[in-house]
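If you want the building blocks of each chain, they are given just below.
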Amino acid sequence: MNPKSQETGGSRILLDMEGALTARDRVGIQDFVLLDAFTSESAFLDNLRKRFNENLIYTYIGTLLVSVNPYKELNIYTKKQMDIYMGVNFFELPPHLYALADNAYRTMIMESNNHFILISGESGAGKTEASKKILQFYAVSCPKTKLLDTVRDRLLLSNPVLEAFGNAKTLKNDNSSRFGKYMDIQFDHQGEAVGGHILSYLLEKSRVVHQNHGERNFHIFYQLMEGAEDEMLRWLGLVRDCQKYSYLVQGDCARVSSINDKNDWRTVRKALSVIDISEGEMEHLFGIIASVLHLGNMQFQTDYRGYATLNSNTELHWLSKLLGVPMQVLREGMTHRKIEARAEEVLSPFTVDHAVYARNALAKAIYGRTFTWLVNKINESLANKDSTRKTVIGLLDIYGFEVFNINSFEQFCINYCNEKLQQLFIQLTLKSEQEEYDMEGIEWEPVPFFNNKIICDLVEEKHHGIISVLDEECLRPGEASDLTFLTKLEEKMGSHPHFVTHKLADQKTRKTLQRGDFRLLHYAGEVTYCVVGFLDKNNDLLYRNIKDVMRQSKNSLVKHCFPAVEPDNKKRPETVATQFKSSLMGLTEILTSKEPWYVRCLKPNDAKQPGRFDDVLVRHQVKYLGLMEHLRVRRAGFAYRRRYEVFLQRYKALCPDTWPHWRGDPAEGVQMLVTHLGYRPDEYKMGRTKIFIRHPRTLFATEDAFETCKHELATRIQAKYKGYRVKGVFLKQKDAATKIESCWRALLARRERQRRAWAVKVIRRFIKGFMTRNQPVCRENTEYLTFIRQSYLTRLKENLPKNVLDRKSWLTPPPLLKETSRLLRQLHTRLLVRKYVRGITAQQKAQLQMKSVTSALFKGKKESYPQSVPKPFVSTRIREQDINAKILQTIRHERFKYAAPVVKYDRNGFRPRHRQLILTQAAVYLVEESRVKQRVEYGSLKGVSVSHLSDNFLVLHVTCDDLKQKGDVVLQCDSLFEVITKLSVEANKVSAIRVVKDSVRFDIHPDRVGYVDFNSGQESMVYRAKNGHLTVESVRPKY
Ligand SMILES: Nc1ncnc2c1ncn2[C@@H]1O[C@H](COP(=O)(O)OP(=O)(O)OP(=O)(O)O)[C@@H](O)[C@H]1O
Ligand SMILES: [Mg+2]
């Protein structure tokens, strides 16, 4: 299934509707070729009606597009729709004008040849709309460049301008083309629209001066009246009221509800400027339009001589201004004509009738020539100056076949034109069909059809045709009139099966004909023409002197329209019909050199109403447009044909051998496919490049099988696609991850490299610094030294000694920082000391003070002193409660200070006795249980001796005046330093403490002394030596 056909919105509904198998009954088939009852007009109409009722206005007959005018806006011309149809094969989507346009375009590009799209149908069938839609499609779908935007705009905007000047409301169509238009769109080899050219065919000029009831003049007049600014109207001498202008009121319908003249005016103004029409030219252009209206109001009256004179000067005044011709000259031109009499020119006055005729002729001429000028201007602006080869697509939108109650020369021309186009269509379709069968080597069965050549010949045959007869009558001297023309016709065409007049008709027909009528049996039906005016209109005479008047104009546009030298000035100009005939021959030539595409437009009803399908009317059109014949020709042999590649591409899924790809020859692939599908040999033929299928039902069966298979395939494809998408996403992510990873790694590696480079530099600097560390400070070692300094200080900071006594852990400084280290150490010690000092309590302070006294007494003097330092002093060694109550009673007045256990040595026998030593405020006591053994007042304490060794003896020297008193005391005490310090402080005898060497003499009583000798020995001993001395041996402490 083409992905484009899955678009959303209205198109999707449409596709679904047409695609569904069951919907076929309701919406009909989209190609008449597939119609089983292809010879039945009713079946044809049924199909058209079904589709029309579902708003499906397009149906194919092969590559021909049948379009039925919906008379309402359908949402099928959107940009989205255009996108859907771009680049898609003809039969893959529902029929559409865009499909045809796109296929023509693509074939043009592919085959580099020229094409044209012939849009035909009767008036109001939708030809102009179709041509506009095609143009819009090309404007959107072709490749774009900025430069080409202008060309595109001009191509698009040429339409409203030409429509304003060349279209009018008729009874058949509110926007009826009153001229034929063939527009070439030129494309370069890349398919870009690079230019264009327009050929216009016979404008219905008579409309300028006359409109039937219910019809209007050309749109531009009403647009000017409605849209132009007041000032402009004033300048043109107009008033904003159509009723005031006789050329606008004859149809009696200046206002039409389906037309917005004001808006159209704006569009036209804008379009004119886009197609390069200057402001000056625009002024002239509208001046001419206004002058036509003034001409229409020009009235004549008969003077006394029976000649025409002008009623008033008002119109003359404005005409003179707008056409740039002096009033007098104009007046003369409007009321006289020049006659050549024997090499002399004489002015002959007009009768009123003549004057009116001349006036109308001038109005038609001015308008007609201005229209031609406008077409030329547009062509100038569309012209592509580049001379490289272009291919073109021509769009032919011509006035449609029309029949009114009264038909005149214009209808004759228009219908003749349609007859010619029908002839061309017949030739081309039959030819191409036959060629196709020939080319493909398929047998061809001729199909009978009505060939309208006989009617064309009736009109155009040299010397015998109606046009020839008309020309003869126009040119012949003598009294030629419309009626003589009719008589001539009767003479010449009398027996022609397609020609009838009142005289020639049988009884029955005669009743439907007037005496001045002739009837042609056109391919599209009978049309009765009234001969009145045929000669005049064919001559289209403009009196020479009025032409001369125009040539004098100061208005450049008028001057341009009436050139000084007209071709074949003296020779009689070609008649209108002959000119038209020639131009149609030219057109036929142009078209036959190109590849044709057809759009056949049908009109569903005469009332211009949406949703109304008038069977009789449509049947008639189907008939005369030869659609049935066309269908029959298409179906003569085979209902359906398709190029092998295309057929295979669409249905290859139905055969395992051709799915998903067929690599070999497409014809073999198709053969394989149809064999697999079980086609019977008589159901199809294999041509050289195409398969031909005889019956629609064969194709339907294939199409139905495809429809079923499509869903299966869609699911499979969807699954595959989803897998593919997800895999794609995964691979993308993986790729991205790898990329990010490698980038990240690279980044890390770069950082690492930078880090290493930096490290190498640092190390190198470090080594250099190390090598030059002992040199004076220089560039090379500064950093190293700083580092050393820093690192030493940092380490030092983290390893500072925690107390003053720690003398070892101070970090050894590098030589550089020796002095710093010393100073820091000092500082640190001080800091520690201060910290310590701040932290000590009053008790500790007192203790330290004691210790410092001890230190002063013994430091460096007594061997055992250092060991005593860490031992703290206590307030007492014996608590008060452990002292006998009696003793406490005894010393109650002196305040207890300290007590310690001591050993007292008898002065005589040196026997050791355990005593308590108690210090009070006033004295030192030696106590045994409850008895005070000795009391020494501090006043009588002469001194205290200790040895310098490590023993713990002390001798208290006491003043001993009488024998009753006990003498010095020899004591041994464990807490020697504590006792002595407390005692010396308490007794205020610090200075009385002596450290003696070797021996201490002590008084036993005033007459007797004893000695204590101190020695160092292997072990501690106390004994009485032979010399009667108490000998104390102590062990020297080890440090
Ligand atoms: N495809 C369409 N969609 C909607 N409305 C349409 C379509 N085609 C035609 N019409 C309507 O029909 C009217 C007549 O169409 P159009 O002018 O194209 O007819 P025509 O064939 O050119 O007639 P003529 O031969 O008189 O110029 C349009 O003004 C428009 O209102
Ligand atoms: Mg038209």
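No experiment lies behind these values; they were computed from the predicted model shown. Going along each chain's sequence as written, the residues are numbered from 1 onward. For naming, the first written chain is A and the first written ligand is 1, with later ones following in the order written. Whole-chain, interface and lining totals are the exception, using all residues; otherwise, since this is a predicted model, local features are given only for residues with pLDDT of at least 70 and side-chain atom pairs are given and counted only at 80 or more. By convention in this description, side-chain values take in all heavy atoms of the structure and omit both hydrogens and water.

### Description of unusual backbone geometry
Peptide bonds are, in most cases, trans, and in most cases residues other than glycine have a negative phi. For the peptide bond that leads from W659 to P660, omega is 0°, which places it in the cis range. Each helix is a run of DSSP H or I of at least 4 residues and each strand a run of E of at least 2, with the numbering of both proceeding from the N terminus. Mapped onto the elements, P660 comes out in the loop between helix 28 (644-651) and helix 29 (666-677). Even without glycine at this site, D252 takes up a positive phi of about 60°. Mapped onto the elements, D252 comes out in the loop between helix 11 (246-249) and helix 12 (261-274).

### Quick word on the packing of aromatic side chains
Under the pairing criterion, centres of Phe, Tyr and Trp rings, with the six-membered ring standing for Trp, must be within 6.5 Å; the plane angle then separates stacked pairs below 30 degrees from edge-to-face pairs above 60, leaving the rest tilted. This model, assessed by the stated rule, comprises 40 aromatic pairs. Between F485 and F534 the ring centres are 5.8 Å apart and the planes differ by 25°, which places this aromatic pair in the stacked class. With F485 in helix 20 (residues 482-493) and F534 in helix 22 (residues 534-539), this residue pair connects regions lying 49 residues apart in the sequence. Judged by its relative accessible area of 0%, F485 is buried. Exposure remark for F534: the relative accessible area of 0% places this residue in the buried category. Ring centres of F518 and F534 lie 5.7 Å apart, and the angle between their planes is 75°; this geometry places the pair in the edge-to-face category. Highlighted residues: F518 in strand 14 (residues 517-522) and F534 in helix 22, separated in sequence by 16 residues. Think of it as a cone above the ring: NZ of Lys or CZ of Arg counts as a charge over the ring if it is within 6 Å of the ring centre and within 35 degrees of the ring normal. Between K133 and the ring centre of Y77, over which it is positioned, the NZ or CZ distance is 4.5 Å. In this arrangement the basic side chain of R216 is found over the ring face of Y222, its NZ or CZ atom lying 3.9 Å from the centre. Accessible area is worked out with a 1.4 Å probe on protein chains only. A residue is then buried under 20% of its type maximum, exposed over 50%, and partly exposed in between.

### Some details on the sheet that holds strand 29 (residues 1008-1017)
Note: two strands are recorded as paired if DSSP finds a minimum of 2 bridges between them. Strand order in this open sheet of four strands is 28-29-31-30, and the pairing throughout is mixed. Among the strands making up the open sheet, the edge pair consists of strand 28 (999-1005) and strand 30 (1021-1024). Averaged over neighbouring strand pairs, the angle between their axes works out to 20° when direction is ignored. Sheet topology note: the strand 28/strand 29 ladder contains six bridges and is antiparallel. Residue R1001 lies in a different strand from strand 29, and its bridge partner there is Y1011. Orientation is described by axes fitted as lines to C-alpha atoms, over the contacting stretch for helices, and by angles from 0 to 180 degrees between their N-to-C directions.

### Remarks on the UniProt feature "binding site: ATP" (unreviewed entry) in the chain
UniProt positions are given in the numbering used here, feature names are shortened, and annotations may be inferred rather than shown by experiment. Per the UniProt record, "binding site: ATP" (unreviewed entry) is annotated on G121, E122, S123, G124, A125, G126, K127 and T128. With respect to the helices, strands and loops of the structure, G121 is situated in the loop between strand 3 (115-120) and helix 6 (127-141). Excluding residues that lie within four positions of it along the chain, G121 makes contacts with K127, G400, F401, N418 and C601. Its place among the elements puts T128 in helix 6. The contact criterion used throughout is that any non-hydrogen atoms of two residues lie within 4.5 Å. Contact partners of T128, with chain neighbours within four places excluded, come to E163, S177 and D397.

### Re the site of ligand 1
Near ligand 1 you find 19 residues, and of these S123, K127, T128, S176 and S177 are the closest. Areas reported as accessible are Shrake-Rupley estimates using a 1.4 Å probe. Residue values count occlusion only from the protein chains shown. Alone, ligand 1 offers 630 Å² of accessible surface; in the complex the protein occludes 88% of this. The set of elements that each furnish at least two residues to the shell around ligand 1 consists of helix 6 and strand 5 (176-177). It is helix 6 that provides the largest number of residues to the shell around ligand 1, a total of three residues. Whether a residue is near a molecule or strand is decided by its heavy atoms; if any one of them lies within 4 Å of it, the residue is near.

### Quick notes on helix 28
Along helix 28, the positions that sit buried rather than exposed are Y644, F647, L648 and Y651. Viewed end-on, helix 28 has its buried residues packed into an arc of 95°, placing them on one side of the element. Starting at the helix axis, one direction is taken to each C-beta atom, and the arc is that of these directions.

### Section: the coordination of the magnesium ion (ligand 2)
Here the magnesium ion (ligand 2) is held by T128 (OG1) and S177 (OG), and the distances to it run 1.9 to 2.1 Å. Taken as a pair, T128 in helix 6 and S177 in strand 5 lie far apart in primary sequence, 49 residues in all. Owing to a relative accessible area of 13%, T128 belongs among the buried residues under this scheme. By relative accessible area, S177 is classed as buried at 8%. The rule for donors is simple: N, O or S, within 2.8 Å of the metal, or within 3.2 Å if the metal is Na, K or Ca. Water isn't counted, so a site may look like it is missing partners.

### What about the pairing of strand 19 (residues 690-693)?
Walk down a regular strand and you will see the side chains alternate between the two sheet faces. Neither face of strand 19 is left uncovered, since the one carrying K690 and F692 and the one carrying I691 and I693 both have all their residues buried. Looking at chain direction, strand 17 (residues 640-643) and strand 19 are connected through four bridges and run antiparallel. Across the sheet, the residue bridging to Y640 is I693, located in strand 19. Of the strand pairs in this sheet, strand 18 (residues 684-686) and strand 19 are connected by three bridges, and their pairing is antiparallel. Across the sheet, the residue bridging to M686 is I691, located in strand 19.

### Things to note about a negative patch on the surface
On the surface, a cluster of negative charge is contributed by E111, E435, D438 and E595. Positionally, E111 belongs in helix 5 (residues 97-111). Looking at E111, the relative accessible area reads 48%, which means it is partly exposed. Put simply, a patch holds well-exposed residues, over 30% relative accessible area, that have no salt bridge, with like charges counted together within 9 Å and Val, Leu, Ile, Met, Phe, Trp or Tyr side chains within 5 Å. By salt bridge we mean one thing: a side-chain nitrogen of Lys or Arg within 4 Å of a carboxyl oxygen of Asp or Glu. Counted as positive: Lys and Arg. Counted as negative: Asp and Glu, with His and the chain ends omitted from the count. Here the site of a charge means NZ on Lys, CZ on Arg, CG on Asp, or CD on Glu.

### A look at a nonpolar patch on the surface
A grouping of I763, F766, I767, F770, M771 and F787 is seen on the molecular surface, where their side chains present a nonpolar patch of about 580 Å² in accessible area. Take the nonpolar patch: its biggest share by element is five residues, from helix 30 (residues 696-771). In this structure, F766 sits in helix 30.

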